[in-house]
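Here is what each chain is made of, one letter per residue.
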Amino acid sequence: MADLTERIENVTEEVEKLKEEIAKVRETKQDKTMEEVASGGEVKSIRKPPMIKIRRTLKGHFGKVYACHWSGDSQSVLSASQDGKLMIWNAYTTNKIQAVPLRSSWVMTCAFEQSKGQLVACGGLDNLCSIYDLSQGGKAVKELAAHDGYLSCCRFIDEGKIASSSGDQTCILWDIESGEVLKTFSQHHGDVMSLAICPTNQNVFVSGSVDTTAKVWDIRSGKCVQSHFGHESDINSISFFPDGNAFGTGSDDSTCRLFDMRCYSEVNCFGNDKILCGITSVDFSKSGRLLFAGYDDFNTIAWDTINDGNIHAFQLPVPHDNRVSCIGVNPAGDALCTGSWDTLLKIW
């Protein structure tokens, strides 16, 4: 027994030394800030004031809006509210296309299947990932049950597969048709709050957790291939950079951060002393130049990803009347949807 304890101590010391060596290598690589790198070329400044204003307001929910997600055609928006309804909206006309009643009103996430737009999914405190077919009038076609905690986020990979994250500290890849668990990803040490599928490689996804880490996963191996540190509190939201090489995170530590998978490091941090509240949701513009972040203080701020992280590019002019719970840029890149506890969704 003493021999085993000694071996464990030796291995622990060796791991710590390796971590220190990795940290030193990272420090040598981080010889410049993002702003310094960007200033070396011809980078156009963002137009100020930006030409952004409310184009549509979607009214119809009677409870807090907790999640929203654009369809692949960039015209329809899916929203989930604690009034027990999933709603599909036409973002151009503001008409409600369909309303899907939920078995549980404690919904926390929703997702639109991107290729054909016939399937939607949601989940929450019922621990289930529920799949609905809009072509069948919003009929529940499958309930995926395996998580031991609340469902915090779900995203379709294609018509046949969906990934989900949960308060049970795991992510799961599901086969929708059979309802079977294809793989379980379980290296986080706290509730997993968000996940995002890589836009250029569907075999890769990232997850953000209460354990303050963001992890990159390979679906084929079922293993974590990168762990990114830097946040000082819960990571609430995560979103891939459009080129699939980096991702952004939003945290309760009042900062958003940009991590690049190629250099395995944080490359920018967005926040300042005036921002004291947490971030609930993040998403990138189509070019990746802007990182939008929704805050607990009802505001939505846009950060310039290649500039000094202390100064934001602009703030949306008319804040919500309650916490901004979800934001999303449509696939076409010409509209931003924000959802709030004030029961409204706004299209910018």
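Residues numbered from 1 in each chain as written. Predicted model: local features only at pLDDT ≥ 70, side-chain atom pairs only at ≥ 80, totals over all residues. Heavy atoms only, no water.

### Side note on the sheet that holds strand β28 (residues 345–347)
Next up, step 1: Taken together, the four strands give an open sheet; going across it, the order is β1-β28-β27-β26, and neighbouring strands pair in antiparallel fashion. For this open sheet the edge positions go to β1 (56–58) and β26 (324–329), each flanked by a neighbour on one side alone. Averaged over all neighbouring strand pairs, the angle between strand axes comes to 15°, with direction disregarded.
Next up, step 2: Alignment of β26 against strand β27 (residues 336–340), held across five bridges, turns out to be antiparallel. If you follow V329 over to β27, its bridge partner there is L336. (Pairing = 2+ DSSP bridges. Helix = DSSP H or I, 4+ residues; strand = E, 2+ residues; numbered from the N terminus. Axes fitted to C-alpha atoms, helices over the stretch in contact; angles between N-to-C directions.)

### A short note on the sheet that holds strand β17 (residues 223–228)
Next up, step 1: Sheet architecture is open: four strands sit in the order β14-β15-β16-β17, paired in antiparallel fashion. Of all strands in the sheet, those bounded by a partner on one side alone are β14 (192–197) and β17. Each adjacent strand pair in this sheet contributes to an overall mean axis angle of 25°, direction not counted.

### With respect to the packing of aromatic side chains
Each aromatic ring pair is specified by the distance between its two centres and by the angle formed by the two planes.
Next up, step 1: If you walk through the whole model with that rule in mind, you get nine aromatic pairs.
Next up, step 2: When the centroid spacing of 5.6 Å and the interplanar angle of 65° are considered together, the rings of F185 and W217 count as edge-to-face. Of the two residues, F185 is situated in strand β13 (residues 181–185) and W217 in strand β16 (residues 214–218); the sequence distance between them amounts to 32 residues. Each member of the pair, F185 as well as W217, carries the same accessibility label: buried.
Next up, step 3: Within the aromatic cluster, the residues linked to one another by ring pairs are F185, F205 and W217.
Next up, step 4: The ring of W341 carries the charged tip of K64 above its face, separated from the ring centre by 3.9 Å.
Next up, step 5: The positively charged end of R323 is found above the aromatic ring belonging to W341, 4.4 Å away from the centroid. (Phe/Tyr/Trp six-rings, centres within 6.5 Å; stacked < 30°, edge-to-face > 60°. Buried < 20%, exposed > 50% of the residue type's maximum accessible area, 1.4 Å probe, protein only. Lys NZ or Arg CZ within 6 Å of the ring centre and 35° of its normal.)

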